[in-house]
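Survey of secondary and tertiary structure
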Amino acid sequence: MISYGRQDITQADRDAVIEVLKSDFLTQGPAIPKFEQAVASACNVKCAVAYCNATAALHGAYSALGIGSDSLVWTSPITFAATANAARFLGAEVDFVDINPQTYNMCIAELSKKLERAQKQNKLPDLVVPVHLTGQSCDMEPIWQLSKKYGFSIVEDASHAIGGRYKDEPVGSCRFSDITVFSFHPVKIITTGEGGIATTQDRKLEIKLADFRSHGITRDPDRMQGEPDGSWYYEMLNLGYNYRMTDMQAALGASQIRRLDGYVKKRNEIAEIYDKELAGTGIILPHRESWQYSAFHLYVIGWPDGLGKLGRRQAFESLREAGIGVNVHYAPVHTQPYYRALGFNDGDFSAAEAYYDKAITLPLHPNLSNADLQKVITTLKLLTSNSSG
Ligand SMILES: *Cc1c(COP(=O)(O)O)cnc(C)c1O
């Protein structure tokens with residue numbers, strides 16, 4: 001099966017991990033700040049706080065921004081469930097803003113209209129979480145302007161988007177947000193096995209993010225309430241978690257991030273071949289906004305119902321039967337049983353639901369061989385030209 005995504009592990013990566021295994025620290029050692037600095041530098045941002053995964057980093061980010069049981073958090077219905085779940089961990093209410101049918105990202109016009117209505121009902125969100133779906137940045141500047149008008153915080157869920165750019169800045173610079181979160185799961189652009197990171201320009205948020213990751217404990221005398229009665233002394237200031245990344249993971253990440261630009265370039269090259277070869281087949285191809293450079297975590301096509309006399313489901317199964325590991329990202333979060341039980345229904349976010357009915361994710365990763373790429377293209381051309389059913 002040709003896989004839709006796959007990690008790339010080199011000898012340098014293995015050496016970096018082994019070096020940590022031979023060192024004094026497997027966790028809470030020097031590899032963590034080194035990796036954090038590498039991410040901060042790649043993202044042109046002051047602070048980066050590593051976490052054991054992006055779900056934990058989202059939890060930490062929302063908490064650092066004061067989200068709690070009386071808060072309201074809005075995100076996109078087309079995302080991995082964790083974006084919304086992290087708000088539920090804190091007891092916050094979740095609502096969604098429908099997607100733009102072209103970019104599949106949160107629709108700015110919808111957001112603007114929903115904010116106007118929410119203001120009248122006195123139910124404005126405390127936090128909005130745009131998701132850079134497939135690696136294409138949301139249009140952050142207008143979202144940021146709306147945040148100034150209506151007074152909400154912004155976390156970018158950039159789990160798909162490390163190495164991408166928005167206007168003149170790398171995604172993660174937080175030019176138009178409070179915090180950006182990346183995931184380093186093996187299917188993502190670079191990996192630490194499991195892992196995530198939160199970036200911010202705000203030193204106060206950095207401290208909150210670091211506390212939350214490690215039990216709310218500080219060893220900084222300036223932040224303590226009591227007098228240290230010895231050099232062993234620490235204080236637990238807030239309720240925190242053990243959400244730390246290990247040094248083995250951080251060393252792997254620091255080694256991987258050296259190849260970030262090459263990975264993203266390769267992903268864009270493969271996407272361009274798909275674009276060119278699939279033009280004219282009737283398949284809906286990904287739209288690219290000119291003001292961004294996508295990290296191309298995913299190449300999502302739309303299968304119009306009846307193309308090649310096939311529905312999306314039949315097209316998907318035919319591709320799988322041909323040994324092509326297609327996937328679907330994602331079923332709208334509001335249609336998951338857990339969110340239905342909170343009151344959401346079919347029809348609540350129609351653009352998201354229409355997207356889901358057509359979406360198929362094609363294989364795309366830096367080591368996708370030319371033969372495999374050609375096989376995907378040939379199979380798709382055959383399926384779309386099928387007129388006998
Ligand atoms: C992968 C992903 C996450 C969760 O990342 P983990 O590191 O697996 O916790 C969150 N949001 C989006 C959009 C993702 O793709």
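See above for the structure.
These notes cover the structure that comes with them.

Rules and cut-offs
Residues numbered from 1 in each chain as written. Predicted model: local features only at pLDDT ≥ 70, side-chain atom pairs only at ≥ 80, totals over all residues. Heavy atoms only, no water. Axes fitted to C-alpha atoms, helices over the stretch in contact; angles between N-to-C directions. Helix = DSSP H or I, 4+ residues; strand = E, 2+ residues; numbered from the N terminus. Parallel < 35°, antiparallel > 145°, perpendicular 65-115°, else oblique. Left-handed = near helix turned anticlockwise from the far one by under 90°. Contact = heavy atoms within 4.5 Å. Nonpolar A, V, L, I, M, F, W, Y, C, P; charged D, E, K, R; others polar. Near = heavy atom within 4 Å. Polar contact = N/O pair within 3.5 Å; in protein donor to acceptor, adjacent residues only side chain to side chain. Areas by Shrake-Rupley, 256 points an atom, 1.4 Å probe, with all protein chains shown as cover. Pairing = 2+ DSSP bridges. Phe/Tyr/Trp six-rings, centres within 6.5 Å; stacked < 30°, edge-to-face > 60°. Buried < 20%, exposed > 50% of the residue type's maximum accessible area, 1.4 Å probe, protein only.

It is worth spelling out the packing of helix H3 (residues 54–64) against helix H4 (residues 82–89) at this point. Two numbers describe how H3 lies on H4: the axes approach to 9 Å, and their chain directions differ by 50 degrees. Looking at the two axes, H3 sits oblique to H4. In this structure, H3 meets H4 at a crossing whose hand is right-handed. On H4, the residues touching Thr55, Leu58, His59 and Tyr62 of H3 are Ala82, Thr83, Ala86, Ala87 and Phe89. Residue composition of the contact of H3 with H4, by class: 6 nonpolar, 3 polar and no charged.

Turning our eyes to something else, we now look at the site of the ligand. Neighbouring the ligand are 14 residues, the closest being Thr55, Asp157, His160, Ser183 and Lys188. Within the side chain of Ser183, one N or O atom sits 2.8 Å away from an oxygen atom of the ligand. One nitrogen or oxygen atom from the side chain of Lys188 is found 3.0 Å from an oxygen atom belonging to the ligand. Here the ligand loses 93% of its free accessible area of 380 Å² to cover by the protein chains.

This part covers the sheet that holds strand S4 (residues 127–129). Reading across from one edge, S1-S9-S8-S5-S4-S2-S3 is the order of the 7 strands in this open sheet, with mixed pairing throughout. At either margin of the open sheet sits one strand with a lone partner, and together these are strand S1 (47–51) and strand S3 (93–96). Each strand of the sheet is rotated relative to its neighbour by a mean of 20 degrees, with strand direction disregarded. Bridge count for S1 against strand S9 (residues 196–200) is 5 bridges, and the pairing is antiparallel. Counterpart to Ala50 in the pairing with S9 is Ile197. Along the sheet face, H4 touches strand S2 (72–75), S3, S4 and strand S5 (153–157) and points at about 155 degrees away from the line of S3.

Let us now look at the packing of aromatic side chains. In this structure the tally under the stated criterion is 17 aromatic pairs. For the pair Tyr166 and Trp291, a centre-to-centre distance of 5.5 Å together with 80 degrees between the ring planes defines the contact as edge-to-face. You can see Tyr166 sitting in strand S6 (residues 165–166) and its partner Trp291 sitting in the loop between helix H9 (260–278) and strand S12 (292–293), a full 125 residues away along the chain. Among the residues examined, Tyr166 registers a relative accessible area of 6% and is labelled buried.

Attention now moves to the sheet that holds strand S7 (residues 169–170). Taken in spatial order, the 3 strands of this open sheet run S7-S6-S12, and their pairing is antiparallel. A strand with exactly one partner marks an edge of an open sheet, and here the two such strands are S7 and S12.

Between helix H1 (residues 11–21) and helix H8 (residues 247–257), whose axes approach to 8 Å, the crossing angle comes to 150 degrees. The angle between the axes of H1 and H8 places the two elements in the roughly antiparallel class. Taken as a pair, H1 and H8 cross one another with a handedness that is right-handed. Residues Ala12, Asp13, Ala16, Val17, Val20 and Leu21 of H1 form the contact with H8, whose participating residues are Asp247, Met248, Ala251, Leu252, Ser255 and Gln256. Partitioning the contact of H1 with H8 into residue classes produces 8 nonpolar, 2 polar and 2 charged.

Turning our eyes to something else, we now look at the environment of Asp98. Within the fold, Asp98 resides in the loop between S3 and helix H5 (108–120). The class for Asp98 is buried, based on a relative accessible area of 9%. Placed 16 residues apart in sequence, Asp98 and Lys114 show a C-alpha to C-alpha distance of 9.8 Å. Discounting residues that sit within four places of it in the chain, Asp98 has contacts with Pro77, Met106, Cys107, Glu110, Phe349, Ser350, Ala351 and Ala352. Side-chain polar atoms of Asp98 contact the backbone nitrogen of Ser350, separated by 3.0 Å. At 2.9 Å, the side chain of Asp98 and the backbone nitrogen of Ala352 are in polar contact.

Moving on, we come to the pairing of strand S8 (residues 179–183). In terms of residue burial, S8 counts as a mostly covered element, since 5 of its 5 residues are buried. Here S8 shows no split at all, with Ile179, Val181 and Ser183 on one side and Thr180 and Phe182 on the other all buried. Inspection of the sheet shows S5 paired to S8 by 3 bridges, in the parallel sense. Residue pairing for S8: Val155 is matched across the bridge by Ile179. As paired elements, S8 and S9 share 4 bridges and run antiparallel to each other. Paired with Val181 across the strands is Ala198, a residue of S9.

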